[in-house]
Amino acid sequence: MPSFQSDGVRIAYWDEGEGEPILLVHGFASNVATNWIDPGWVSTLMASGRRVIAFDNRGHGQSEKLYDPERYGAPIMAEDARRLLDHLGIERADVMGYSMGARISAFLVLNHPARVRSAILAGLGINMVRGMVGTGPLAKALEARSIDEVTNDTARSFRAFAEHTGGDLAALAACMRGPREKITPDLLAGIMVPVLVAVGTEDVIGGSGAELAALIPGAKLLDIKGRDHMKAVGDASFKRGVLDFLTQRV
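All of these numbers come straight from a predicted model, not from anything done at the bench.

S.K.: How should I be thinking about the overall build of the protein chain in this particular structure?
M.R.: In terms of regular secondary structure, the protein chain is built from 11 helices and eight strands. Rg of the C-alpha trace for the protein chain: 17 Å, near the compact-globule value of 18 Å for 250 residues, within the 12% margin. Overall size of the protein chain, expressed as C-alpha extent along the three principal axes, is 50 × 35 × 35 Å. Here the protein chain, with 250 residues, has 54% of them falling under the buried criterion. Long-range contacts, defined as pairs at least 24 residues apart, comprise 75% of the intrachain contacts of the protein chain with a sequence gap of at least 6. Per element, the accessible surface of the protein chain, about 10400 Å² overall, is 51% carbon and sulfur. Counting 27 positive and 30 negative side-chain charges, the protein chain places the centres of these two groups 2 Å from one another.

Structure, rendered in structure tokens:
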């Protein structure tokens, strides 16, 4: 993938297709290929007439690896997204983020509302506000010498996923230990762009999509039925719901 410098950090990105731009922001320990290409999102969106832009978050995929937790945090990573739009000369785009990418997308909307045409916040429900519990154990799981040392089921699943995607475990642990800036109900109440909240009905990591959508003026809810945090990503009903939402924005 090509790359650009975001305040001195090398960020790798994907830019294909023609039409209205949509920016995709992947989840923790994932990357463009795992989150968006392999599950068919890029091909689906391009077939619908979209220009698809995606990037590997700092510390992930082909982007630069950083080992200082203070160089992470969703607001900082949202600036990488904003600078990519600047780099490509895109004034305004639809944005879709999954899990950690939804937090990053929310901060992009909050801090740069004029750059976001609409937002799809996926894989993260009310825990966007309540916060993720157990970030310390997750970081320790990534720092363990072997996955065999990890006994917590959730932490073990994140470690296994990070190994599956070929992630830099030390960089991912630093990201997990990074700042956890609060997103409050008052902040969400100030969002004025169209929003779709899409969460698996079995997603205990992301929490209730309905509770999050209720905090955002005019937000629409898409329940990804029968899917948990990991299995919702490529769900066909998720894709259909997103395409319907984007079509309504035209």
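Continuing now.
S.K.: Could you clarify how one ought to interpret the sheet that holds strand E1 (residues 3-6) in this entry?
M.R.: Two modes of strand pairing occur in sheets, parallel and antiparallel, and in both the strands are linked by backbone hydrogen bonds. Taken together, eight strands build an open sheet; the order of strands is E1-E2-E4-E3-E5-E6-E7-E8 and the sheet is mixed. Strands with a single pairing partner mark the edges of an open sheet, and in this sheet they are E1 and strand E8 (220-224). Taking the axes of each pair of neighbouring strands and ignoring which way they run, one obtains an average angle of 25 degrees across the sheet. Sheet topology places E1 next to strand E2 (residues 9-16); four bridges connect them, and they run antiparallel. Considered in E2, the bridge of Ser6 is made with Val9. On the sheet, helix H3 (residues 74-87) packs against E1, E2, strand E3 (20-25), strand E4 (50-55) and strand E5 (93-98) and is oriented at approximately 120 degrees with respect to E1. Of the strands in this sheet, E3, E5 and strand E6 (116-122) touch helix H4 (residues 100-111), which is tilted by about 145 degrees from E5.

Here is what the cut-offs are and how they apply
Residues numbered from 1 in each chain as written. Predicted model: local features only at pLDDT ≥ 70, side-chain atom pairs only at ≥ 80, totals over all residues. Heavy atoms only, no water. Helix = DSSP H or I, 4+ residues; strand = E, 2+ residues; numbered from the N terminus. Rg over C-alpha atoms; globule rule 2.2 N^0.38 Å. Buried < 20%, exposed > 50% of the residue type's maximum accessible area, 1.4 Å probe, protein only. Contact = heavy atoms within 4.5 Å. Areas by Shrake-Rupley, 256 points an atom, 1.4 Å probe, with all protein chains shown as cover. Lys, Arg positive; Asp, Glu negative; His and termini not counted. Charge placed at Lys NZ, Arg CZ, Asp CG, Glu CD. Pairing = 2+ DSSP bridges. Axes fitted to C-alpha atoms, helices over the stretch in contact; angles between N-to-C directions.

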